[in-house]
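Below, each chain spelled out in residue letters.
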Amino acid sequence: MERTEERGWYCTDGTWTGRETATTRAAGEDATSASKANADEPTPETSTVFADESRDRCVVCGINFEMFFDQDEGEYKYRNCKEINVVDHHKNGSGDGPSDEMLVHVTCLRGLGSPEFLMMHQILHKH
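Residues numbered from 1 in each chain as written. Predicted model: local features only at pLDDT ≥ 70, side-chain atom pairs only at ≥ 80, totals over all residues. Heavy atoms only, no water.

### Describing the environment of Thr46
Put simply, the test is: Starting at the N terminus, helices and strands are each numbered in turn, a helix being any DSSP run of H or I of at least four residues and a strand any DSSP run of E of at least two.
Within the fold, Thr46 resides in the loop between helix 3 (31-37) and strand 1 (48-50). For the pair formed by Thr46 and Cys81, sequence separation is 35 residues and the distance between their alpha carbons is 9.0 Å.

### Description of the packing of aromatic side chains
Defined as follows: Put simply, two rings from Phe, Tyr or Trp (the six-membered ring, in Trp's case) pair if the centres are within 6.5 Å, and we call them stacked under 30 degrees between planes, edge-to-face over 60, tilted for the rest. Three labels apply to residues, based on accessible area from a 1.4 Å probe with only protein chains included: buried if under 20% of the type maximum, exposed if over 50%, partly exposed otherwise in between. We call a charge positioned over a ring when the NZ of a Lys or the CZ of an Arg lies within 6 Å of the ring centre and within 35 degrees of the ring normal.
Tallied over the full model, the rule gives 2 aromatic pairs. With a centroid separation of 5.0 Å and 70 degrees between ring planes, the pair formed by Phe69 and Tyr76 is classed as edge-to-face. On the accessibility criterion, Tyr76 (47% relative accessible area) is partly exposed. Above the ring of Phe50, the side-chain terminus of Lys77 is found at 4.9 Å from the ring centroid. Against the face of Phe68 rests Arg79, its NZ or CZ located 4.1 Å from the ring centre.

### Some remarks on the sheet that holds strand 6 (residues 117-119)
Pairing between the strands of a sheet is mediated by backbone hydrogen bonds and can be parallel or antiparallel. Basically, it comes down to this: In this scheme, strands are said to pair when DSSP sees at least two bridges between them. Axis geometry follows a simple rule: fit a line to the C-alpha atoms, using only the stretch in contact for helices, then measure angles between N-to-C directions, giving values from 0 to 180 degrees.
A sheet is described by the order of its strands in space; here 3 strands give the open sequence 5-4-6, paired in mixed fashion. Where the open sheet ends on each side, the last strands, each with one partner, are strand 5 (99-105) and strand 6. Mean inter-strand twist for the sheet, computed between neighbouring axes without regard to direction, equals 40 degrees.

### A look at the pairing of strand 3 (residues 75-79)
On a regular strand, one side chain projects to one face of the sheet and the next to the other, so that they alternate. Sheet topology places strand 1 next to strand 3; 3 bridges connect them, and they run antiparallel. Among the inter-strand pairings, Val49 is bridged to a residue of strand 3, identified as Tyr78. What sits between strand 2 (residues 66-70) and strand 3 in their antiparallel hairpin is a turn of 4 residues, with Gly74 showing a positive phi close to 65 degrees.

### Describing the environment of Glu101
Worth spelling out the cut-off: By definition in these notes, contact holds between two residues if any of their heavy atoms fall within 4.5 Å.
Structurally, Glu101 is set in strand 5. The exposure class assigned to Glu101 is partly exposed, which follows from its relative accessible area of 43%. Sequence separation of Glu101 and Glu83 is 18 residues, and the distance between their C-alpha atoms is 6.1 Å. Apart from residues no more than four positions distant in its own chain, Glu101 is found in contact with Arg55, Glu83, Ile84 and Asn85.

What follows is the structure, given as structure tokens:
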């Protein structure tokens, strides 16, 4: 009986989404180097922002942030939180309108594809 080995259709997320091609993989880039590129991406465990009672909810889901006391800095902080620009393109009619910095859960931002900024129509709550 002949033995065959199965292989996955796509080896990495980058290949599946089209961000990475087979030629770049063959040129010496492996899965570990691709994961190192994602190491700069914030994680829910390491992303913290100083607590601000006027901005205590995620602008995407509307759920309160988890607050904790940071012993090293002696300040209260929000966990799983990142500050992001929210652009309002309706104020001046173009896509590069004024922006406000708002707080969002890192996990919510990942669910939107980890954009660099959000548009006003993508948020639920304006503070």
